[in-house]
Amino acid sequence: MALTLYHDIYRCTGVAEGEDAPEMVLVHGWGLHSVVWDNIMPALLEKFKVTVIDLPGFGRSPVPGGDYDVNYLTEQVLAVAPENAIWLGWSLGGMIALNASIRFPERVRGLITVATTPKFIADERWPMALNEDVLSRFRALLVEDWEGTLIRFLALQCKDSTTIKEDVRFLKDIVFFHGQPSTKALRCGLDVLRDVDLRDNLSGIQVPTLYVLGEKDNLVPVGISRELKKLQVNASVAVIKGASHVPFISDQDTFLAAIDDFLVEHHFV
């Protein structure tokens, strides 16, 4: 029996019953699930029919028995995503959205990534990124204490935000809302973050693209904005001041205003 990801489809509240609304699909990041979008959902539903998806092994989705890499994750999301939608992906989910735009451009109408980088780990060409040792330590600690490691990683996502206490509280409140994530999904998800490198493919993305970054992000430094513009010259970048790795939680109003400007500019709404 094929694995089918758990997903919810919500009708647009801003159109009359029976009228068509543009489609948007939301893809969450490592360790969480689709509930992470709850606070911004009412605003998105005013303009879009929205599909939210739980990645394999997270939330309510089963975990696969075979390979767990970025192409597998992309294909699984595509299997339940709308045929032609605006994709909004956060962190790991943003990498999946980038990969979908590269490999299946006919399925992506527009692209918004949040706290996303084409390469998560630093190298000589990409110094403004996470040191691989940090991710390696988290992966090693998963074996000893996966729950404590997950909570520490969530706290790191909020570090230095001007709303750090509220951000951490929200993530801790929802992380086990649908039970425990799969340890395989946690482990292999970190491997995806370690291994993916989409830098050389960004120039081929033709759809309107917006990268939303947090000014205080410790995982995806805001300094990559200059490099993103070099790799994808037609892309837009928005920086949310005072926010870390979860700008859609830290400052919902500013985040929604930034994506609304992008959507209006490209006539999506």
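Residues numbered from 1 in each chain as written. Predicted model: local features only at pLDDT ≥ 70, side-chain atom pairs only at ≥ 80, totals over all residues. Heavy atoms only, no water.

1. Thoughts on the side chain of threonine 116
Alright, step 1. Tracing the backbone shows threonine 116 in the loop between strand E5 (108-114) and helix H4 (132-144).
Alright, step 2. Note on threonine 116: relative accessible area 1%, which makes it buried.
Alright, step 3. There is a polar contact of 3.2 Å between the side chain of threonine 116 and the backbone nitrogen of serine 91.
Alright, step 4. Of the polar contacts made by the side chain of threonine 116, one reaches the backbone oxygen of valine 114; its length is 3.0 Å.
Alright, step 5. Not counting the four nearest positions on each side in its chain, threonine 116 is found in contact with Gly89, Trp90, Ser91, Gly94, Met95, Leu98, Tyr211, Leu213, Val220 and Ile224. (Helix = DSSP H or I, 4+ residues; strand = E, 2+ residues; numbered from the N terminus. Buried < 20%, exposed > 50% of the residue type's maximum accessible area, 1.4 Å probe, protein only. Polar contact = N/O pair within 3.5 Å; in protein donor to acceptor, adjacent residues only side chain to side chain. Contact = heavy atoms within 4.5 Å.)

2. With respect to the packing of H4 against helix H7 (residues 183-195)
Alright, step 1. For the pair H4 and H7, the least separation of the axes is 10 Å and the interaxial angle reads 170°. Taken together, the axes of H4 and H7 lie roughly antiparallel to each other. Contacts between H4 and H7 involve Glu132, Leu135, Phe138, Arg139 and Leu142 on the former and, on the latter, Leu186, Arg187, Leu190, Asp191, Leu193 and Arg194.
Alright, step 2. For the contact of H4 with H7, a count of residues per class yields six nonpolar, no polar and five charged. (Axes fitted to C-alpha atoms, helices over the stretch in contact; angles between N-to-C directions. Parallel < 35°, antiparallel > 145°, perpendicular 65-115°, else oblique. Nonpolar A, V, L, I, M, F, W, Y, C, P; charged D, E, K, R; others polar.)

3. Thoughts on the packing of aromatic side chains
Any aromatic ring pair is given by two values, namely how distant the centres are and how the planes are angled relative to each other.
Alright, step 1. In this structure the tally under the stated criterion is eight aromatic pairs.
Alright, step 2. Ring geometry for tryptophan 146 against phenylalanine 176: centres 6.0 Å apart, planes inclined by 85°, an arrangement best described as edge-to-face. With tryptophan 146 in helix H5 (residues 146-158) and phenylalanine 176 in the loop between helix H6 (164-174) and H7, this residue pair connects regions lying 30 residues apart in the sequence.
Alright, step 3. The exposure class of phenylalanine 176 is partly exposed, given its relative accessible area of 28%.
Alright, step 4. Aromatic pair phenylalanine 262 and phenylalanine 268: ring centres 6.1 Å apart, planes at 50°, arrangement tilted.
Alright, step 5. These aromatic residues form a ring-pair network of at least three members: Trp37, Trp90, Phe248 and Phe255. (Phe/Tyr/Trp six-rings, centres within 6.5 Å; stacked < 30°, edge-to-face > 60°.)

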